[in-house]
Amino acid sequence: PIVSGNVSFYNETQGQSIVSTPATGVVGLCSGLENLPTDTFQKENETIFSLRWLGPVFEYPHFAGDFDLAEAAHFIDLIRGLSPLASGTQVIGQGGLAAGLAKMCLDGMGCEIETHLSKERWLREMMYEVIFSVNDAEAFEAHFQKAKDNQKIEIIRLGKTKKDIFQIPGESALSIQKITDVY
């Protein structure tokens, strides 16, 4: 169900259209709470991955590309299958990959990113992208390769979790306290 947001096709202010921003909710059953990852980094020296479905792209204020329902369902199933291997996950949204990583630091554990990406890529708001922090990187990658089924899904090994620092290549390091204060 759509639970909030601007969803009317007639939303305008001062003659300008307002982009629809529906927020949806999902309800389901879970067999237990013991294997649910948090939305923050939990342990030092875990490997951080980004997984992204290379389907439609959000180019504000529109979507570009084709939406294939079967591919979307496969990506969701892949994410669901990988989640028990993760201690933390975060869906990427506003602010892009950099903001998603910063949000994962809000409980005090930081990250040191080793992968060089363009500034546009760090800040771009992507649809269908998820960050994972995992203890066993090889098992995670093996499960990913086995389950991806030649779909258009990208995996990037970003770096490691690290106490008290937020570091992206080419940028000044930030303390976790600074991120928490700003957030």
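Reference entry: report on the structure contained in this document. Quantities reported herein were computed from a predicted structural model and do not represent experimental measurements. Starting from 1, residues in each chain are numbered consecutively following that chain's sequence as written. Local features in a predicted model are, by the rule used here, given only for residues with pLDDT of at least 70; side-chain atom pairs are given and counted only at 80 or more, and totals for whole chains, interfaces and linings are based on all residues. Excluding hydrogens and water, the side-chain figures rest on all heavy atoms present in the structure.

Okay, the packing of helix 1 (residues 69-82) against helix 4 (residues 137-147) next. In this description, a line fitted to the C-alpha atoms serves as the axis of each element, helices being fitted only across the stretch in contact, and the angle between N-to-C directions of two axes falls anywhere from 0 to 180 degrees. Per the convention used, a helix needs a DSSP run of H or I reaching at least four residues, while a strand needs a run of E reaching at least two, with both numbered from the N terminus. Following both chains from N to C, one finds helix 1 and helix 4 inclined at 155°, their axes separated by 10 Å at the closest point. Judged by the angle between their axes, helix 1 and helix 4 are roughly antiparallel. The chirality of how helix 1 crosses helix 4 is right-handed. Counted together, His 74, Leu 78, Gly 81 and Leu 82 of helix 1 and Phe 140, His 143, Phe 144 and Ala 147 of helix 4 form the full contact between these two elements. For this classification, the nonpolar set comprises Ala, Val, Leu, Ile, Met, Phe, Trp, Tyr, Cys and Pro, the charged set comprises Asp, Glu, Lys and Arg, and every other residue, Gly included, is treated as polar. Of the residues contributing to the contact of helix 1 with helix 4, the split by class is five nonpolar, three polar and no charged. Roughly parallel here means an angle under 35 degrees, roughly antiparallel means over 145, roughly perpendicular means 65 to 115, and every remaining angle is called oblique. Left-handed describes a crossing in which the near helix is turned anticlockwise from the far one by less than a right angle; the clockwise case is right-handed. A contact between two residues is defined here by any heavy atoms of the two lying within 4.5 Å.

With that out of the way, let us pick up the sheet that holds strand 11 (residues 153-163). At least two DSSP bridges between two strands are required for those strands to pair. The six strands lie next to each other as 8-10-5-11-9-12, forming an open sheet whose pairing is mixed. With one partner strand each, in any of the chains shown, strand 8 (86-91) and strand 12 (166-167) form the two edges of the open sheet. Here five bridges tie strand 8 to strand 10 (residues 129-134), and the two strands are oriented antiparallel to one another. Within strand 10, the position partnered with Val 91 by the bridge is Val 130. Here helix 2 (residues 96-104) sits on the sheet in contact with strand 5 (47-53), strand 8, strand 9 (109-113), strand 10, strand 11 and strand 12, set at roughly 40° to strand 10. Its contacts with the sheet put helix 4 on strand 5, strand 10 and strand 11, and the angle it makes with strand 11 is roughly 165°.

All right, on to the side chain of Thr 40 then. When you line up the elements, Thr 40 lands in the loop between strand 4 (23-24) and strand 5. Whether a residue is buried, partly exposed or exposed follows from its accessible area with a 1.4 Å probe, protein chains only, as a fraction of its type maximum: under 20%, in between, or over 50%, in that order. For Thr 40, a relative accessible area of 5% corresponds to the buried category. A distance of 2.9 Å separates a polar atom in the side chain of Thr 40 from a polar atom in the side chain of Asp 107. Among residues more than four places away in sequence, those in contact with Thr 40 are Ser 87, Gly 88, Lys 103, Met 104 and Asp 107. Residues adjacent in sequence count toward polar contacts only when both atoms are side-chain atoms; beyond that, a polar contact is any pair of N or O atoms within 3.5 Å, and within protein one must be able to donate a hydrogen and the other to accept it.

Attention now moves to the state of the cysteines. We call a pair of cysteine sulfur atoms a disulfide when they lie within 2.5 Å. Applying the stated criterion across every chain yields a total of zero disulfides. With no disulfide of its own, Cys 111 lies closest to Cys 105 among cysteine sulfurs, the gap being 4.2 Å.

Moving on to the nonpolar core. Within the largest apolar cluster, 20 residues are counted, with the highest numbers of intra-cluster contacts made by Leu 101 and Phe 166. Sorting the residues of this core by element identifies helix 2, strand 9, strand 11 and helix 5 (176-182) as the ones contributing at least two each. Here the element with the most residues in this core is helix 2; it accounts for five residues. Ignoring any residue separated from it by four or fewer positions in sequence, one finds Leu 101 in contact with Phe 41, Ile 48, Cys 111, Ile 113, Trp 122, Ile 131, Leu 158 and Phe 166. One finds Trp 53, Phe 75, Leu 78 and Phe 144 within the second-largest nonpolar core, a separate group that totals 16 residues. Here, the term nonpolar core denotes a set of buried Ala, Val, Leu, Ile, Met, Phe, Trp, Tyr and Cys residues that are joined through side-chain atoms within 4.5 Å.

This brings us to the pattern of salt bridges. We define a salt bridge as a side-chain nitrogen of Lys or Arg found within 4 Å of a carboxyl oxygen belonging to Asp or Glu. Under the defined criterion, the tally for this structure stands at nine salt bridges. Salt-bridge contacts for Glu 71 lead to Lys 152; the nearest nitrogen and oxygen are separated by 3.5 Å. Highlighted residues: Glu 71 in helix 1 and Lys 152 in the loop between helix 4 and strand 11, separated in sequence by 81 residues. On the basis of relative accessible area, Glu 71 is assigned to the buried category, the value being 15%. The partly exposed category is assigned to Lys 152, whose relative accessible area is 42%. Among the ionic contacts, a cluster of salt bridges with common partners joins Arg 52, Arg 121, Glu 129 and Glu 154.

Remember that the coordinates give geometry; whether it matters functionally is a separate question.
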